[in-house]
2 protein chains.
Amino acid sequence: MPIVTVIGDGQLARMMQTEAIELGQSIKLLAGSRDSSAAQVCHDIVIGDYRVWEDVERAVQGAHAVTFDHEHVPTEFLNRLSGMGYSVQPQPAALLYAQDKLLMRQRLEKMGAPVPEYSAIESVEEALAFHDRVDGAVCLKARRGGYDGHGVWFPGSREDLRELVSELLGQSVPLMAERKVALVRELSAMCARTPSGQVAAWPVLESVQRDGICVEAICPAPGLSDDLAAQARDLSVKVATELGVTGALAVELFETTDEAGNPQIFVNELAMRPHNTGHWSQDGCETSQFEQHLRAVADLPLGSTRPTAPVTVMVNTLGGEEAPDSPIAYRFAEVWRRFPSVKIHWYGKEWRPGRKLGHVNLCGYDATAEGIAETRKIANLAAEYIVNGKWADGYVGKPENS
Amino acid sequence: MPIVTVIGDGQLARMMQTEAIELGQSIKLLAGSRDSSAAQVCHDIVIGDYRVWEDVERAVQGAHAVTFDHEHVPTEFLNRLSGMGYSVQPQPAALLYAQDKLLMRQRLEKMGAPVPEYSAIESVEEALAFHDRVDGAVCLKARRGGYDGHGVWFPGSREDLRELVSELLGQSVPLMAERKVALVRELSAMCARTPSGQVAAWPVLESVQRDGICVEAICPAPGLSDDLAAQARDLSVKVATELGVTGALAVELFETTDEAGNPQIFVNELAMRPHNTGHWSQDGCETSQFEQHLRAVADLPLGSTRPTAPVTVMVNTLGGEEAPDSPIAYRFAEVWRRFPSVKIHWYGKEWRPGRKLGHVNLCGYDATAEGIAETRKIANLAAEYIVNGKWADGYVGKPENS
Ligand SMILES: Nc1ncnc2c1ncn2[C@@H]1O[C@H](COP(=O)(O)OP(=O)(O)OP(=O)(O)O)[C@@H](O)[C@H]1O
Ligand SMILES: Nc1ncnc2c1ncn2[C@@H]1O[C@H](COP(=O)(O)OP(=O)(O)OP(=O)(O)O)[C@@H](O)[C@H]1O
Ligand SMILES: [Mg+2]
Ligand SMILES: [Mg+2]
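These figures come from a predicted structure and were not determined experimentally.

J.: I tried to follow the overall build of chain A on my own but got confused; where do I start?
T.: Along chain A, the regular secondary structure elements total twelve helices and 17 strands. Against the globule reference of 21 Å for 402 residues, chain A gives a C-alpha radius of gyration of 21 Å, in line with a compact fold. Its C-alpha atoms put chain A at 70 × 55 × 40 Å along the principal axes. Evaluated residue by residue, chain A yields a buried proportion of 59% over its 402 residues. Expressed as a percentage of contacts within chain A between residues at least 6 apart in sequence, the contacts between residues at least 24 apart total 64%. Total accessible area on chain A is roughly 15,800 Å²; 47% of this is exposed by carbon and sulfur atoms. Side-chain charges in chain A split into 38 positive and 54 negative, and the spacing between the mean points of these groups amounts to 3 Å.

J.: Teacher, can you tell me more about the relation of the copies chain A and chain B here?
T.: Here the second copy of the chain follows from the first by a rotation about an axis and a shift along it. Here chain A sits on chain B after a turn of 180° about the axis and a move of 0.0 Å along it, with an RMSD of 0.0 Å. Interpreted geometrically, this transformation is the action of a two-fold axis. A shared binding surface is used by both copies, with 100% of the interface residues of chain A retained as interface residues in chain B.

J.: How should I be thinking about the interface of chain A and chain B in this particular structure?
T.: A common measure of how large an interface is: the accessible area buried when the components associate. Each partner contributes to the interface: chain A provides 43 residues, whereas chain B provides 43 residues. Considering only the side of chain A, the residues that lose the most area to chain B are A:Ile21, A:Glu22 and A:Trp336, jointly responsible for 19% of the buried surface there. In this assembly, chain A and chain B are joined by two salt bridges. Linking A:Lys343 and B:Glu291 is a salt bridge whose minimum nitrogen-to-oxygen distance equals 3.1 Å. At the surface where chain A touches chain B, the tally comes to 26 residue pairs in polar contact (both at pLDDT 80 or more). Among the secondary structure elements, those contributing two or more residues to the side of chain A that touches chain B are helix H1 (11-23), helix H10 (289-297), helix H11 (328-338) and strand E16 (343-346) of chain A. In terms of residues, the side of chain A that touches chain B owes the most to one element, H1(A), which gives eight residues.

J.: Even after reading the chapter, I still don't get the site of ligand 1, so can you show me in this structure?
T.: All names here are of chain A. What surrounds ligand 1 is a group of 21 residues, the closest being Lys-101, Asp-148, Gly-149, Glu-186 and Glu-269. Taking Gly-149, its main chain carries an N or O atom lying 2.7 Å from an oxygen atom of ligand 1. The protein chains hide 91% of the 610 Å² of surface that ligand 1 would expose on its own. Of all elements in the fold, only strand E6 (138-142), strand E8 (175-179), strand E13 (247-257) and strand E14 (263-271) reach the threshold of two or more residues within the shell around ligand 1.

J.: Teacher, can you tell me more about the domain arrangement of chain A here?
T.: When the domains of chain A are assigned, the result is domain 1 (4-88), domain 2 (117-179) and domain 3 (185-388). Centre-to-centre separation of domain 1 of chain A and domain 2 of chain A, based on C-alpha positions: 33 Å.

J.: What exactly am I supposed to notice about the coordination of the magnesium ion (ligand 3) here?
T.: Metal coordination angles have textbook ideals: 109.5 degrees for a tetrahedral set of four donors and 90 or 180 degrees for an octahedral set of six. Residue and element names in this part refer to chain A. Within the protein, the magnesium ion (ligand 3) binds to Glu-252 (OE), Glu-252 (OE) and Glu-269 (OE); these donor distances fall in the range 2.1 to 2.7 Å. Of this pair, Glu-252 sits in strand E13 while Glu-269 sits in strand E14, and the two are 17 residues apart along the sequence. Overall, the relative accessible area of 15% leaves Glu-252 in the buried class. You can call Glu-269 buried: its relative accessible area is 18%.

J.: In this structure, what is going on with the environment of B:Arg355? I would like to understand it.
T.: Residues and elements named next belong to chain B. Relative to the elements of secondary structure, Arg-355 occurs in the loop between strand E16 (343-346) and strand E17 (356-364). Judged by its relative accessible area of 24%, Arg-355 is partly exposed. Sequence separation of Arg-355 and Asn-316 is 39 residues, and the distance between their C-alpha atoms is 9.8 Å. Among residues more than four places away in sequence, those in contact with Arg-355 are Thr-317, Leu-318, Gly-319, Lys-349 and Glu-350.

J.: Teacher, can you tell me more about the UniProt feature "domain: ATP-grasp" (unreviewed entry) in chain A here?
T.: According to UniProt, the positions carrying the feature "domain: ATP-grasp" (unreviewed entry) are residues 105-298 of chain A. Secondary structure content for residues 105-298 of chain A is 31% helix and 31% strand, while the C-alpha to C-alpha distance between its ends is 29 Å.

J.: Would you explain the pairing of strand E13 (residues 247-257) of chain B in this entry?
T.: A regular strand carries its side chains on alternate faces of the sheet. Residue and element names in this part refer to chain B. In terms of residue burial, E13 counts as a mostly covered element, since ten of its eleven residues are buried. In this structure, strand E9 (residues 185-193) lies alongside E13, joined through nine bridges in antiparallel fashion. Directly across from Met-190, in E13, lies its bridge partner Ala-250. Two strands pair when backbone bridges link them, and E13 and strand E14 (residues 263-271) are joined in this way by eight bridges, in the antiparallel orientation. Bridge assignment links Leu-253 to a residue of E14, and that residue is Val-267. Between E13 and E14, which follow one another and run antiparallel, lie five residues, and Gly-261 among them has a positive phi close to 85°.

J.: Explain the packing of aromatic side chains here, please?
T.: Each aromatic ring pair is characterised by the separation of its centres together with the angle its planes make. Residues and elements named next belong to chain A. With the rule as written, the count across this model stands at twelve aromatic pairs over all chains. For the ring pair Phe-332 and Trp-336, a centre distance of 5.6 Å and an interplane angle of 65° mean the geometry is edge-to-face. In this pair, Phe-332 and Trp-336 are both assigned in helix H11, four residues apart and thus about one turn of the helix distant. Neither residue differs from the other here; Phe-332 and Trp-336 are each classed as buried.

J.: Mind showing me how you'd approach the UniProt feature "binding site: ATP" (unreviewed entry) in chain A here?
T.: All names here are of chain A. The positions that UniProt labels "binding site: ATP" (unreviewed entry) are, in the present scheme, Lys-101, Lys-141, Glu-178, Arg-179, Lys-180, Val-181, Glu-186, Asn-268 and Glu-269. Relative to the helices and strands, Lys-180 resides in the loop between E8 and strand E9 (185-193). Residue class for Lys-180 comes out partly exposed when judged on its relative accessible area of 45%. Not counting the four nearest positions on each side in its chain, Lys-180 is found in contact with Ala-137, Val-138, Cys-139 and Phe-154.

J.: Explain the packing of helix H11 (residues 328-338) of chain B against helix H12 (residues 369-388) of chain B to me, please; I cannot follow it from the model alone.
T.: To describe two helices that pack against each other, one gives the angle between their axes and the distance between the axes. Residue and element names in this part refer to chain B. H12 packs onto H11 with a crossing angle of 160° between their chain directions and a minimal axis gap of 9 Å. Regarding the angle of H11 to H12, the classification is roughly antiparallel. For H11 against H12, the interelement crossing comes out right-handed. Within the contact between the two elements, H11 uses Ile-328, Tyr-330, Arg-331, Phe-332, Glu-334, Val-335 and Arg-338 and H12 uses Leu-381, Ala-382, Tyr-385, Ile-386 and Val-387. In terms of residue class, the contact of H11 with H12 is built from nine nonpolar, no polar and three charged.

J.: When you look at helix H1 (residues 11-23) of chain B in this model, what are you seeing that I'm missing?
T.: Owing to its 3.6 residues per turn, the α-helix aligns residues three or four sequence positions apart on the same side. Taking 1.5 Å per residue as the helical rise, H1(B) with its 13 residues ought to reach 18 Å, and the 19 Å between its terminal C-alpha atoms agrees with that figure. Count one or two residues on from H1(B) and you reach B:Gly24, which has phi positive near 80°.

J.: Whenever I open this one, the pattern of salt bridges confuses me. Can you help?
T.: Opposite charge on two side chains permits pairing when their charged atoms draw close. By the definition in use, this model includes 40 salt bridges over all chains. Close ionic contact of A:Lys101 with A:Glu269 constitutes a salt bridge, the shortest N to O distance being 3.6 Å. Of this pair, A:Lys101 sits in helix H5 (residues 101-110) while A:Glu269 sits in strand E14, and the two are 168 residues apart along the sequence. Considered together, A:Lys101 and A:Glu269 belong to a single accessibility category, that of buried residues. In this structure, B:Glu178 and B:Lys141 form a salt bridge, with 3.0 Å as the shortest nitrogen-oxygen distance. In this pair, B:Glu178 is assigned in strand E8 (residues 175-179) and B:Lys141 in strand E6 (residues 138-142), connecting sequence segments 37 residues apart. Taken as a pair, B:Glu178 and B:Lys141 share a single burial class, namely buried. Residues joined by salt bridges that share partners form a network here, namely A:Arg105, A:Lys141 and A:Glu178.

J.: So what exactly am I meant to see when it comes to the pairing of E8(A) here?
T.: Residue and element names in this part refer to chain A. For E8, the buried fraction is high: four of the five residues fall into the buried class. Pairing geometry for strand E5 (residues 118-121) and E8, over four bridges, is antiparallel. Among the inter-strand pairings, Ser-119 is bridged to a residue of E8, identified as Ala-177.

J.: When you look at the site of ligand 2 in this model, what are you seeing that I'm missing?
T.: Residues and elements named next belong to chain B. Surrounding ligand 2, one finds 21 residues, the nearest of these being Lys-101, Asp-148, Gly-149, Glu-186 and Glu-269. Here Lys-101 contributes a side-chain N or O atom positioned 2.8 Å from an oxygen atom of ligand 2. At a separation of 2.8 Å, a nitrogen atom of ligand 2 approaches a polar side-chain atom of Glu-178. Taken by itself ligand 2 offers 610 Å² of open surface, and the protein chains cover 91% of this. Among the secondary structure elements, those contributing two or more residues to the shell around ligand 2 are E6, E8, E13 and E14. Classifying every residue of the shell around ligand 2 gives six nonpolar, six polar and nine charged. Each of domain 2 (117-179) and domain 3 (185-388) gives at least three residues to the shell around ligand 2.

Reading the values: the criteria
Residues numbered from 1 in each chain as written. Chains lettered and ligands numbered in written order. Predicted model: local features only at pLDDT ≥ 70, side-chain atom pairs only at ≥ 80, totals over all residues. Heavy atoms only, no water. Helix = DSSP H or I, 4+ residues; strand = E, 2+ residues; numbered from the N terminus. Rg over C-alpha atoms; globule rule 2.2 N^0.38 Å. Buried < 20%, exposed > 50% of the residue type's maximum accessible area, 1.4 Å probe, protein only. Contact = heavy atoms within 4.5 Å. Areas by Shrake-Rupley, 256 points an atom, 1.4 Å probe, with all protein chains shown as cover. Lys, Arg positive; Asp, Glu negative; His and termini not counted. Charge placed at Lys NZ, Arg CZ, Asp CG, Glu CD. Least-squares fit on C-alpha atoms with pLDDT ≥ 70 in both. Buried area = accessible area lost by both parts, 1.4 Å probe. Salt bridge = Lys/Arg side-chain N within 4 Å of Asp/Glu carboxyl O. Polar contact = N/O pair within 3.5 Å; in protein donor to acceptor, adjacent residues only side chain to side chain. Near = heavy atom within 4 Å. Domains from an automatic or database assignment. Donors = N, O, S within 2.8 Å, 3.2 Å for Na, K, Ca; no water. UniProt positions renumbered as here; feature names shortened; annotations may be inferred. Pairing = 2+ DSSP bridges. Phe/Tyr/Trp six-rings, centres within 6.5 Å; stacked < 30°, edge-to-face > 60°. Axes fitted to C-alpha atoms, helices over the stretch in contact; angles between N-to-C directions. Parallel < 35°, antiparallel > 145°, perpendicular 65-115°, else oblique. Left-handed = near helix turned anticlockwise from the far one by under 90°. Nonpolar A, V, L, I, M, F, W, Y, C, P; charged D, E, K, R; others polar. Expected span 1.5 Å × (residues − 1).

As structure tokens, this is what we get:
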């Protein structure tokens, strides 16, 4: 069975290991430290830095495929590995468009995908000109290295934009700007593709963001018309195919309305790896995104993307402002006692405010608006309890022996 | 989060690790070798022998709970660990009844559970007397250490029995005999129990055995009356409660007919750990037996045992007479190409004839007799292809580009 080198040691790599175990694959990890999320649960590990060539080189030895849990590996390293004959999945030529938001926009526009109005920003003047062009509705972005909203800014005024751009350019941060879209909501269209060209798409889902971080996902997206769902799904398949993406692909989408008031989608960004909005698939789908990614990068046929429940809700557990007093196992117990169907996924990371420490999934068997609302309510209550050690609805537990 | 020491390095321990990763638990393994099934995928490992006290002692250091993937750890070690204050789950007083088939029969009889007629066998004379009592329908069993039908004999004649018993007693194998039951089929009633006394039962399923080895499981058991299903389920809950079992419990059952021709069940044996007949739960149930076992041994509340499909079929892939020519990844690919819903679980073990190398699960969404037959057919075809590299139904694959 193939040995897959995973560059990265976060929760995505950790959850790949879960599936690798069942598939009989061996994961070899390039991890920053022994106690990182993924390194805790893998046996074959190289401790090193993905920005240091020698470390990368050590980690890929013997690998049948090389893949990633983030997009920050220097492009030159990826090209070098490819040149040495390693099977780098996704390939550097595709990954580039997940690494650089400006190149991504340009490439998407070229293939006719709907994108918000945008511009490269290399000077304060360009920024101000763009500001005037979009009537001040500016979203400024670092082209590279962003995650969870780090590297995304919404300057409140022309003056703020001027200051921000001059500061960032002073730090040599490559920038772009795009129109701030009047969001109805955000969607995610995910699929996976093999080097041989097989593509399998998951149902299109709704993702809820707070401060640039995904906090919740509902699959399938409630109330999405068949038309728009098909459009979003086809778009993800087209992106995967035209860019030659391999492994899991998430196409983050904005849903907004056109002038006539009809729903309309724009592409926000691409992620070429398992993605936070795909975690629902661990408990709500015949093939999880982590299994699919591992199958895809090894060029094995893809699995069924049939959902196993009418609706599945995922809620992230982000570290709260203060670490709760109660031990984590106690909080899990309380959640499970109240809601035996809640599935908890925990990343083994140290608590830190705002940090993604885990997530919960919950399948719902009632796909009416009320049913979905109820499933979301329970999943959110569970996640909040894990974070705060308090029930947001004031629940005080069952009396003993009831 | 709790550290759980697992004594044993086979596929059951390996699949516990899969769930431990998602639960955020840390598994510490006592493994016979570095390349054993479970040791391949764990990081915290003690290499040693479960029959050597010093090795066991090293493996349990720092553990919040100690559990097993087999029942062969010497009872005296378990008692010693308990005495030292370790949380041994299941506790030695319960595990005893999974370790010794005679004590199990006696204990089950005492609680009023239906068991086949049986007898301790300490001499050839006792064996022959039992033979005459049951009109030659004798099943001879080693009291301890059996698995996969090793330690189970069906002597063809009085003379065979005499020879067998005298040989085994000569080797100091402790024996018992029981009536050979006229099986209609075999069932399995599984549940899990926590030290605090919570019990959750899975649906009762049918298991198919060949040469004493489980080859297939169908959940729920097709055509089982509600009455008999409830009787079997209640029996498993009663056994768990009365024996104080903790973790997963499998009650292996014989279905036969009474004199009036009505279906009737007898207990065959107990396993106090995740069990081959429970593998379906990995893909067909909200909570898998491995997750449930880890929750139970840490005394955390149990998860929902709701099935996610009307029927789930599990088929073991047992090593064939000869290792097939094609690489295993190629065989997986062929199976997935033809049947994208088949879930393969692979144990990372070396091929050996008859050895359990993995299993496949398949959910079916049509619970009619024909629907179940079709699901079973596909799961069996897939498993056979993995074993032999040949389609048992003569399928020759799709032409290229179809
Ligand atoms: N043009 C825009 N108009 C309105 N909102 C935007 C726009 N661009 C980004 N956002 C908001 O900011 C969030 C984060 O933006 P983006 O996805 O580009 O950042 P990121 O840091 O790369 O995040 P990720 O963790 O998804 O990689 C979006 O999900 C959306 O809520
Ligand atoms: N009394 C009996 N009458 C008829 N068949 C029996 C009897 N006892 C055992 N068998 C057959 O032999 C199989 C194996 O028996 P048993 O479960 O006792 O053995 P084991 O080696 O402990 O197996 P396991 O791997 O399940 O622990 C049973 O599943 C059944 O098919
Ligand atoms: Mg984003
Ligand atoms: Mg048995």
